[in-house]
Amino acid sequence: QAVFRGYQGTDVTSVIDSDGSATFARAVNVNRADGSTSDGFAVRSGTKKRVGIDAAGDIKLGDDIQSAQTILLRGSNGSAEFAGAVTSTEGFSGKYLTATTTTNTAGSVCLLISNSVGEIGRWRADNNFMIGGTPSSPVTANIHFNGNSGSATFAGEINIGGYDGS
């Protein structure tokens, strides 16, 4: 049951129903005074605040964000925090690093780590992690960690302790 209807000419542009729901034909804007630190927008369920956008432009999501957020997207600096694992079937891409999955010739899934120059690391499903050189092979990688045996192979010197540069 509508308790309010807004019109532009003969077109209905907004409706507020007696059950508390509302429909708007255009964007909902929340304007606060400059310097305000109050929430700009919130979605509540009973006493729980489920979603909120604060004055800094940070989006908080969770069961009750007044006590803890499970997802925090910071519009203020571009970072994100997640309470659980972040998964993707398409890989991850960022300003300096891209991680994608592929299947190697042996049929196992690999995590490829690359930058603008090319592949810089590979983590294979058989517990081998290779970095630098040609990371597609333990033989040609500069650094190779074998998760099965616990061994590590380095293409260059390993200096421990009081190395004096000589």
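The rules behind each value
Residues numbered from 1 in each chain as written. Predicted model: local features only at pLDDT ≥ 70, side-chain atom pairs only at ≥ 80, totals over all residues. Heavy atoms only, no water. Helix = DSSP H or I, 4+ residues; strand = E, 2+ residues; numbered from the N terminus. Buried < 20%, exposed > 50% of the residue type's maximum accessible area, 1.4 Å probe, protein only. Contact = heavy atoms within 4.5 Å. Areas by Shrake-Rupley, 256 points an atom, 1.4 Å probe, with all protein chains shown as cover. Pairing = 2+ DSSP bridges. Axes fitted to C-alpha atoms, helices over the stretch in contact; angles between N-to-C directions. Phe/Tyr/Trp six-rings, centres within 6.5 Å; stacked < 30°, edge-to-face > 60°. Patch = residues over 30% accessible without salt bridge, like charges linked within 9 Å, V, L, I, M, F, W, Y side chains within 5 Å. Salt bridge = Lys/Arg side-chain N within 4 Å of Asp/Glu carboxyl O.

Participant: An account of the overall build of the protein chain is requested, with residue identities and associated values reported.
Facilitator: If you tally the helices and strands in the protein chain, you get 0 helices and 15 strands. Taken over 166 residues, the protein chain has a buried fraction of 17%. Taking as baseline every contact in the protein chain between residues at least 6 positions apart, the subset at least 24 positions apart corresponds to 0%. Roughly 11900 Å² of accessible area belongs to the protein chain as shown, and the carbon and sulfur atoms make up 52% of that amount.

Participant: Could you give an account of the sheet that holds strand β1 (residues 2–8), naming the residues involved and the relevant values?
Facilitator: Ordered in space as β1-β2-β3, the 3 strands form an open sheet in which the pairing is antiparallel. Two strands in the sheet have a free side with no partner beyond their single neighbour: β1 and β3 (22–24). Going from strand to strand, the sheet's axes swing by 20 degrees on average, the running direction of each strand aside. Both β1 and strand β2 (residues 11–17) contribute to a ladder of 6 bridges, which runs antiparallel. Along β2, the bridge assignment pairs Arg 5 with Val 15.

Participant: How would you explain the sheet that holds strand β4 (residues 41–45) if you had to name every residue and give the values?
Facilitator: One open sheet holds the 5 strands; their spatial order is β4-β5-β6-β7-β8, and the pairing between them is antiparallel. For this open sheet the edge positions go to β4 and β8 (80–82), each flanked by a neighbour on one side alone. Neighbour-to-neighbour, the strand axes of this sheet turn through a mean angle of 10 degrees, independent of strand direction. When β4 meets strand β5 (residues 48–53), the two strands line up antiparallel, connected through 5 bridges. Residue pairing for β5: Val 43 is matched across the bridge by Val 51.

Participant: Would you mind going over the packing of aromatic side chains in detail, with residue names and values included?
Facilitator: Inspection of every chain in the model, using the stated rule, returns 2 aromatic pairs. Residues Phe 129 and Phe 145 carry aromatic rings whose centres are separated by 6.4 Å and whose planes lie at 15 degrees to one another, so their mutual orientation is stacked. Here Phe 129, found in strand β13 (residues 128–133), pairs with Phe 145, found in strand β14 (residues 141–146); they are 16 residues apart in sequence, far enough to count as distant. Residue classification places Phe 145 among the partly exposed residues on the basis of a relative accessible area of 34%. With centroids separated by 6.1 Å and ring planes inclined at 90 degrees, the aromatic side chains of Phe 145 and Phe 154 adopt a geometry described as edge-to-face. Each member of the aromatic cluster is reached from another via a ring pair, and the members are Phe 129, Phe 145 and Phe 154.

Participant: How would you explain the pairing of β2 if you had to name every residue and give the values?
Facilitator: Hairpin connection between β1 and β2: a loop of 2 residues separates the two successive antiparallel strands, and Gly 9 in this loop has a positive phi of roughly 65 degrees. Strand direction decides the pairing type here: β2 and β3, joined by 3 bridges, are antiparallel. Considered in β3, the bridge of Ser 14 is made with Phe 24. The antiparallel hairpin formed by β2 and β3 contains 4 residues in its connecting segment, where Gly 20 sits at a positive phi of about 95 degrees.

Participant: I'd love a proper account of a nonpolar patch on the surface, names of residues and values included.
Facilitator: On the surface, Phe 41, Val 43, Ile 53, Ile 59, Leu 73 and Phe 82 cluster together into a nonpolar patch covering about 440 Å² of accessible area. With respect to the helices and strands, the residue Phe 41 is situated in strand β4. On the basis of relative accessible area, Phe 41 is assigned to the partly exposed category, the value being 39%.

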